[in-house]
Amino acid sequence: MFSKETYIQRRAELKKLVGNGVIVLFGNNDSPMNYPANAYAPMRQDSTFLYYFGQHRDGLVGVIDIDNDEEWLFGDDIDVEDIVWMGYTPSVADLAAEVGVCKTAPMAELGKVCCRGTATDRTIHFLPPYRFDTKIHIMDLFGIHPSQQKEKASLSLIKAVVKMRATKSAEEIAYIEAACDVGYVMHTTAQLLIKPGITERFVAGQVDGIARSLAQGNSFATIFSQHGEIMHGNPSDANLEDGRLVLCDAGCELNDYCSDHTRTMPVNGKFSQRQLEIYSIVEECHDYVLQMAKPGVKYQDVHFAVCRQMTERLKELGLMKGNTDEAVAAGAHAMFLPHGLGHMMGMDVHDMEGLGQIYVGFDEETRPNLEQFGTNSLRMGRKLEPGFVLTDEPGIYFIPHLIDLWRKEGHCAEFLNFDKLETYKDFGGIRIEDDLLITKDGCRFLGSKRIPYHPQELEAFMADNS
């Protein structure tokens, strides 16, 4: 939690950016897992509510009445029966005082403040909801059906929140660095455990245990699989096999801020020549971003520069052919890289994605291409600014069903060597990912230690600790 003054200043800036009306920011409630009393734990508060009101307790709503210059925290004080089971929780008034909010009221009074706004035709600002209980609450308050709430959400509020949360303060960067340091322990733990015969699920469980022991938990569900060609491959009960690669994509949340790293390792601790050829391309593309990413540069341009470099190297291996620029323009590279180079990161691992990626990852000058396969998954394309935190995560994947489909359709046949691709169907996939801070004159990776990823360094680390 930051200082009271931080939250006061944030809300003051939000008022200026939005201009008028009533801002309603919904906190989250407990979410039952399989029956009402068995909730997912710990509860995760809504990030934007946290950003402006700072409190983690469930059942809270923050209101900023711009026109009347009032700030409210709505919620019900817990009773003694709750205290018996959950322990003492400060009153709503005490929670409000901690973040500089003067007015509080029970949740039943929220509608009166909201109606006071609507009765005078003032604008009610809310963000796109993502939880069903919040959607029902909005319908009860404003009469807007859940199917219409996304389009009725306040664009001025969305843009104001994105503007503020996109640029990280020194305090926020310190929190992300700390999360990255836990990420280092998570991934090096995996690298120490990996060996033939151990199960994917066991290693992933140890990685998750680090996140729960040293941080608040995972920032997303851990991806750990020998099928690295599956973007979100869940750990299975399969044994790790000699000669295969295993991909680990994992991060933690600490002090409400996230980390997100990916490493790909040889199960037996030693890359084969074929694995090393592909791995070195991904490594080169990953490091190339450090040279290119800086204020004023579009991340979309960095993405396509990486795609061109990847295409050139794949041509050297005989997997691609033809003119590089034409191949990338046609989207042939998406056979190997069907996702974007990275995404914003902060309080959410895909920061603010729920507000609409077109507002988070793009701007008026840089618009998404939603038609072309691969390019339509580019989450971050806009001009970079100092204080932005984003991921750098190139990859090369050999997806058998995609190879079969494109070969059957003849898609990008002038740029792809399908006969050679057939021999890679058993390869899997490789991704290397780190978290990047845009500085005033360039960029740097976050975290005090770098998780081993250069081939010789990685092999030596795994050998020395086996």
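Residues numbered from 1 in each chain as written. Predicted model: local features only at pLDDT ≥ 70, side-chain atom pairs only at ≥ 80, totals over all residues. Heavy atoms only, no water.

### A closer look at the overall build of the protein chain
Here is the rule: Helix and strand assignments follow DSSP, with helices taken as H or I runs no shorter than four residues and strands as E runs no shorter than two, numbered in order from the N terminus. To get the radius of gyration, use the C-alpha atoms; to get the globule rule, take the number of residues to the power 0.38 and multiply by 2.2 Å. Under the scheme applied here, a residue whose accessible area is under 20% of the maximum for its type counts as buried, over 50% as exposed, and between as partly exposed, the area being computed with a 1.4 Å probe on protein chains only.
Within the protein chain, the secondary structure is distributed over 17 helices and 18 strands. Scaling as 2.2 N^0.38, a compact globule of 466 residues should have a C-alpha radius of gyration of about 23 Å, and the protein chain matches this with 24 Å. Considering only C-alpha atoms, the protein chain reaches an extent of 70 × 50 × 40 Å along its principal axes. Relative to its full complement of 466 residues, the protein chain shows a buried share of 55%.

### Overview of the pairing of strand 10 (residues 245-250)
To keep it simple, the criterion reads: Two strands form a pair only when DSSP identifies at least two bridges running between them.
Among the six residues in strand 10, six count as buried, and that is most of the element. With burial as the criterion, each face of strand 10 is covered, one bearing L245, L247 and D249 and the other bearing V246, C248 and A250. The pairing of strand 9 (residues 223-225) with strand 10 spans three bridges and is antiparallel. Bridged to I223 within strand 10 is D249. Bridge count between strand 10 and strand 13 (residues 261-266): six bridges; the pairing is antiparallel. Within strand 13, the residue paired with L247 across the bridge is T264.

### Observations regarding the side chain of R10
Rules: Should any heavy atoms of two residues lie within 4.5 Å, those residues are counted as being in contact.
Turning to its location among the elements, R10 is positioned in helix 1 (residues 4-18). Look at R10 and you get buried, because its relative accessible area is 8%. Contact partners of R10, with chain neighbours within four places excluded, come to F2, Y51, Y52, M164, E172 and Y257.

### Quick word on the sheet that holds strand 5 (residues 70-74)
What the five strands build is an open sheet, ordered 6-5-4-1-7; its pairing is mixed. Across the chains shown, the open sheet's two edge strands, defined by having one partner strand only, are strand 6 (103-105) and strand 7 (124-125). Sheet topology places strand 4 (residues 61-65) next to strand 5; five bridges connect them, and they run antiparallel. Pairing of I64 across the sheet is with E71, part of strand 5.

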